[in-house]
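Below, each chain spelled out in residue letters.
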Amino acid sequence: MLRLWASLLLVCAAQASPFYSDNSYGSDSISDTEFVPLEQQGRHDAAAAAVAATTQGVEQKPFTVDAITTDVNSPNPAVFFQQSFPFFGNEFFNSFGGFGFGNSQEPWWKGPNVCTEKEESDGATTETDGDEAVDSFGQERDGAGNVVRSPLFGQFHFSVNSCAEKPNKHVCTKIVNQNGKKKMVTMTRQCCYGYGRPRNADFTVPCEKIEIKDIAATAADMGAQQFIESAKSAGELGNMLSNSQGKKLTLFVPNDAAFQEYRSQHQQENNVDDSKGEGSQMSSIFKLHSVQGEVELEDVPNEKLLQSELTGQKIRINTYQLPPALGLEPYRYAANCVPIVQHDKLSEQALVHTLNGVLKPLTKNVMDLIRERADMSIMRTVLEKTNISALLEGDKPVTIFVPTDAAFDKLEPHLRRALKEGRGCASNILKNHILDLTFCSLATLPGAKTTTYNLLGEPLLLNRTKQVANQTEPSAIYINNAAKILDADIMGTNGVLHVIDTILPTDSALPMTTLLSQKNITIFKRLLEASGLDYQFDDMDNVTVFAPTDKALQHSEWARKLAEEPESLKDNKDLAEFLNYHVIKPMIKTCDLSESLLPTVAGSNVRLNLYSTHALFSDVMNRATVNCARLVHFDDESCGSVLHQLDRPLTAPKNNLLQSLEANPNYSKFLELVRKANLTHLLANESDSFTLLVPKNDVFEEFSESTETKPAQSQAELEAQVKTHIVNDVVCCAGIIPTNWPFVRSIESISGQHLRITRDRRPKIENAGVTKCDLIATNGILHEINDIIVPRSPPAQQHRPRPHIYQPPRGDFDVFF
């Protein structure tokens, strides 16, 4: 019979534990902030690009995007999750005229001072058999130009509209497919030159005349006058404007406070005068902040690299979307992780963005930055040993949170050893610190939580503390409430690194001994360390560890020796056998458990059984035992292994059931009956599994005068008496639960008797209570009982129909009608 194993509802949904969620990060007083990449928001014409790409045979992702990808090879990795695409709206219906819905007021892009640009592109003609082709009227013609098929019948027409709304621009794209001939029309409406709209204005606010000043006045109005004046005095501004050949420039201008601080430090450290001319470092700085053409940030996708006027230097633009509920600007922008304070201000000579810092030339990738830091020598070594350094040397954007050498000293010794040596899942711990995108500190907000995802697909939660009054330094940023960012936004050519004071471990990469500590399995771990097997356990791969809880071990002989004579446990063979008996191969999670004998690392087998504790749904297996010890906590993954916790320690059995009877003098009378019934071979059979119900000698003595329990006279009666106490299955006490009529569970003895099982104060089988549970043998288990189970005589034949008895699998119930 097929059984459903449901691991305490044992369900393996996506190979993750469904029973609880860890909400240890953050607090109720902090609002969640989920940033979203612009290129997946529709504000950068995602719909148009998607449909256009489809017309070119390129498969595109749907408009609603799942959580961040962990694929470092993804061309457009998502930054944050919980994002949407505003595909359907008023614009979907009325962008190209016709009927409309919603507000009766006309939007700004239908008002005055709006300039329209229309762009058309034709797609490829659908291929047909032979020399046939579809003409512009949808008619199919042969090579001679004759009409083969008229579009009047079976004509196909399909079109898709999508629009993107921006403060000063409205872009709609229409894809038309008629009989296989595709065409894309892009209509861009924007405020004409010299006109603009206030940011975050209502969609009905029209384009209005704006004052356009020269570059110096514009920069002064934006609080960035000193940079322009320095460029003028050095002759660089004139050179840049003249070299632009009449085209507009885009200038990223540091504000006055940032530029003054940079110039002071620069002159002190390098003794450089900013008037030296073309070859000076200041000349390079001016060029680094200049880009040919007008670059409106609202049109720039995330991770875009802009070529600056300084040869070989690019500016990386990153964009982070803020939730509308915060009441702030909808987007934050950064240039090489330097915050952009004001943006898209038009002047007579250039488009101006102001920065809260000064851009610096970038010549080293992220891995090179780590190599040159003296306080990151351990991290450098581990990255190179695991070959993850290659990820940090490529062209794709990366972010890494780099722990200092001092952070390694905080680690638990077993984890520190595994990480330093690059053993086991050290690469997973490293990947826990790496993102496949550029994450600037600008993406965090004081008093809010920001979530991003690492290369393992696991979330990292960043909290920026709230600033207090008169605080001048940036507020601290914490990751997973564990690590603090000591130094942020160290920019490389391919991304950014942040220095942190604590290593960020992940459960899937922990050595087994470290996981035991985290789960408070301290006695078992201390036994591993005392025996010298702790490193051996850490190096195991693809194993399952059944570890007894501290409560299960606290009164054991091994716990006593650990407390009183720990030196006797070093290289103790018996202890090594005991510990290894709790480990099996391969790694088995609860959703994959089945009733079986499993070989342990010690060599002998453990017996795995599954039971149902549901009174009605007895085919749903939701309790597991190993040698009749219950799994009380399960599916904690470590590096290549899984940990299940037991409510009692495991001891390898030495005797079979017959030998167990012979070894206990209290069972001599029952043993005598077994021998008289010629059933010793059955209890010595190692190829089968039994549950043996054994009354003690005093039970026989107490009822020796009873007629009902008088020993059977014939050989057949004697054999039936003994077989009634033998079940051809393993029924642990953990599998016996309280039941009430009409749902009465039963097990079947090998004599064919159905023995009712239930639980009151103790487990009960028919008329006998179990006084000692689960004595493990090599071929089954033995329960000691306080009564003799008398075989019931078969019912006399009657003319009325026999009652229907439902006989489910072992451990299930009988329903009497």
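For the structure, check the block above.
Since the structure is predicted, the reported quantities are computational estimates derived from the model, not experimental observations.

**Q** Explain the overall build of the protein chain to me, please; I cannot follow it from the model alone.
**A** What the protein chain contains, in helices and strands, is 24 helices and 41 strands. Every one of the 817 residues in the protein chain was classed for burial, and the buried ones make up 49%. Considering only intrachain contacts with a sequence separation of at least 6, the fraction spanning at least 24 residues in the protein chain is 63%. With an accessible surface of roughly 39300 Å², the protein chain has 49% of that area assigned to carbon and sulfur atoms.

**Q** What am I meant to see in the pairing of strand 39 (residues 768–777) here?
**A** Successive residues of a regular strand alternate their side chains across the two faces of the sheet. Across 2 bridges, strand 38 (residues 763–765) lies against strand 39 in antiparallel orientation. If you follow I765 over to strand 39, its bridge partner there is A768. Where strand 38 hands over to strand 39, the hairpin turn is made up of 2 residues, of which E766 adopts a positive phi near 55 degrees. Across 5 bridges, the pairing between strand 39 and strand 40 (residues 780–785) is antiparallel. Residue pairing across strands places A777 opposite G780, the latter belonging to strand 40. Connecting the antiparallel pair strand 39 and strand 40 is a turn made up of 2 residues.

**Q** Would you take a moment to explain helix 12 (residues 413–420) for this structure?
**A** Counting along an α-helix, one turn takes 3.6 residues, and residues three or four places apart therefore face a common direction. All of the buried residues in helix 12 are H414, L415, R417, A418 and L419. In this fold, the buried residues of helix 12 make contact with helix 10 (377–385), helix 11 (405–409), helix 13 (426–431), helix 14 (512–518), helix 15 (522–531) and helix 16 (534–539). Where helix 12 ends, the next residue or the one after it, G422, has phi of about 70 degrees, a positive value.

**Q** Can you help me understand the sheet that holds strand 31 (residues 623–626) in this one?
**A** Within a sheet, adjacent strands bond to each other through the backbone by hydrogen bonds, running parallel or antiparallel. Read from one edge of the open sheet, 7 strands run 27-26-33-32-31-29-28, paired in mixed fashion. Of all the strands in the sheet, just strand 27 (583–584) and strand 28 (596–599) have a single pairing partner and so form its edges. Across 4 bridges, the pairing between strand 29 (residues 605–611) and strand 31 is antiparallel. The residue of strand 31 that forms the bridge with L608 is V626.

**Q** Would you mind going over the environment of S689 with me for this structure?
**A** Within the fold, S689 resides in the loop between helix 22 (680–683) and strand 34 (690–695). The spacing of S689 and N779 is 90 residues in sequence and 4.9 Å in space, taken between C-alpha atoms. Discounting residues that sit within four places of it in the chain, S689 has contacts with R607, V727, N728, D729, V730 and N779.

**Q** Sorry if this is basic, but what is going on with the packing of aromatic side chains here?
**A** Two aromatic rings, taken as a pair, are described by how far apart their centres are and by the angle between their planes. Here the structure, examined in full by the defined rule, presents 4 aromatic pairs. Ring centres of F227 and F286 lie 5.1 Å apart, and the angle between their planes is 75 degrees; this geometry places the pair in the edge-to-face category. Remark: F286 occurs in helix 8 (residues 281–288) and F227 occurs in helix 5 (residues 225–233); sequence separation between them is 59 residues. Geometrically, the ring pair formed by W558 and F578 is tilted, given 6.0 Å between the ring centres and 35 degrees between the ring planes. You can see W558 sitting in helix 18 (residues 557–564) and its partner F578 sitting in helix 19 (residues 573–580), a full 20 residues away along the chain. Each member of the pair W558 and F578 is classed as buried. Ring pairs connect the aromatic residues F227, F259 and F286, which therefore count as one cluster. Sitting above the plane of the Y195 ring, K209 keeps its charged end 5.3 Å from the centroid.

**Q** Honestly, the pattern of salt bridges in this entry has me stumped. Any pointers?
**A** Oppositely charged side chains can pair when the atoms bearing their charge come close. Scanning the model with the defined rule gives 24 salt bridges in all. Among the salt bridges present, the one from D221 reaches K213, with a minimum N-O distance of 2.7 Å. On the basis of relative accessibility, which here comes to 48%, the residue D221 falls in the partly exposed class. The exposure class of K213 is partly exposed, given its relative accessible area of 28%. Put simply, R417 and D539 hold a salt bridge, and the shortest N to O gap is 3.3 Å. Of this pair, R417 sits in helix 12 while D539 sits in helix 16, and the two are 122 residues apart along the sequence. Residue classification places D539 among the partly exposed residues on the basis of a relative accessible area of 39%.

**Q** Any chance you could explain the pairing of strand 37 (residues 754–759) here in plain terms?
**A** In terms of strand pairing, strand 36 (residues 743–748) meets strand 37 through 4 bridges, oriented antiparallel. In the strand pairing of strand 37, R745 is matched with I757. Counting the residues between successive antiparallel strands, the hairpin from strand 36 to strand 37 contains 5 residues, one of them, G752, with a positive phi of roughly 90 degrees. In terms of strand pairing, strand 37 meets strand 38 through 3 bridges, oriented antiparallel. Across the sheet, the residue bridging to R759 is P763, located in strand 38. Here strand 37 folds back onto strand 38 in antiparallel fashion, the turn holding 3 residues.

**Q** Looking at this model, I keep getting lost on helix 24 (residues 715–723). Mind explaining?
**A** Turning to helix 24, its buried residues are L718, Q721 and V722. Each buried residue of helix 24 sits inside an arc of 95 degrees when the element is viewed along its axis, so together they form one side. Contacts made by the buried residues of helix 24 are with helix 21 (668–676) and strand 35 (726–727).

**Q** Help me understand the sheet that holds strand 18 (residues 350–355), please; the structure alone is not making it clear to me.
**A** With mixed pairing, 7 strands are arranged side by side in an open sheet as 13-12-18-17-16-15-14. Every interior strand has two partners, whereas the edge strands, strand 13 (290–292) and strand 14 (304–307), have only one. With direction set aside, neighbouring strand axes in the sheet form an average angle of 30 degrees. Direction of pairing for strand 14 relative to strand 15 (residues 314–321): antiparallel, over a ladder of 4 bridges. Residue pairing for strand 15: L306 is matched across the bridge by I315.

Definitions and limits used
Residues numbered from 1 in each chain as written. Predicted model: local features only at pLDDT ≥ 70, side-chain atom pairs only at ≥ 80, totals over all residues. Heavy atoms only, no water. Helix = DSSP H or I, 4+ residues; strand = E, 2+ residues; numbered from the N terminus. Buried < 20%, exposed > 50% of the residue type's maximum accessible area, 1.4 Å probe, protein only. Contact = heavy atoms within 4.5 Å. Areas by Shrake-Rupley, 256 points an atom, 1.4 Å probe, with all protein chains shown as cover. Pairing = 2+ DSSP bridges. Phe/Tyr/Trp six-rings, centres within 6.5 Å; stacked < 30°, edge-to-face > 60°. Lys NZ or Arg CZ within 6 Å of the ring centre and 35° of its normal. Salt bridge = Lys/Arg side-chain N within 4 Å of Asp/Glu carboxyl O. Arc of directions from axis to C-beta. Axes fitted to C-alpha atoms, helices over the stretch in contact; angles between N-to-C directions.

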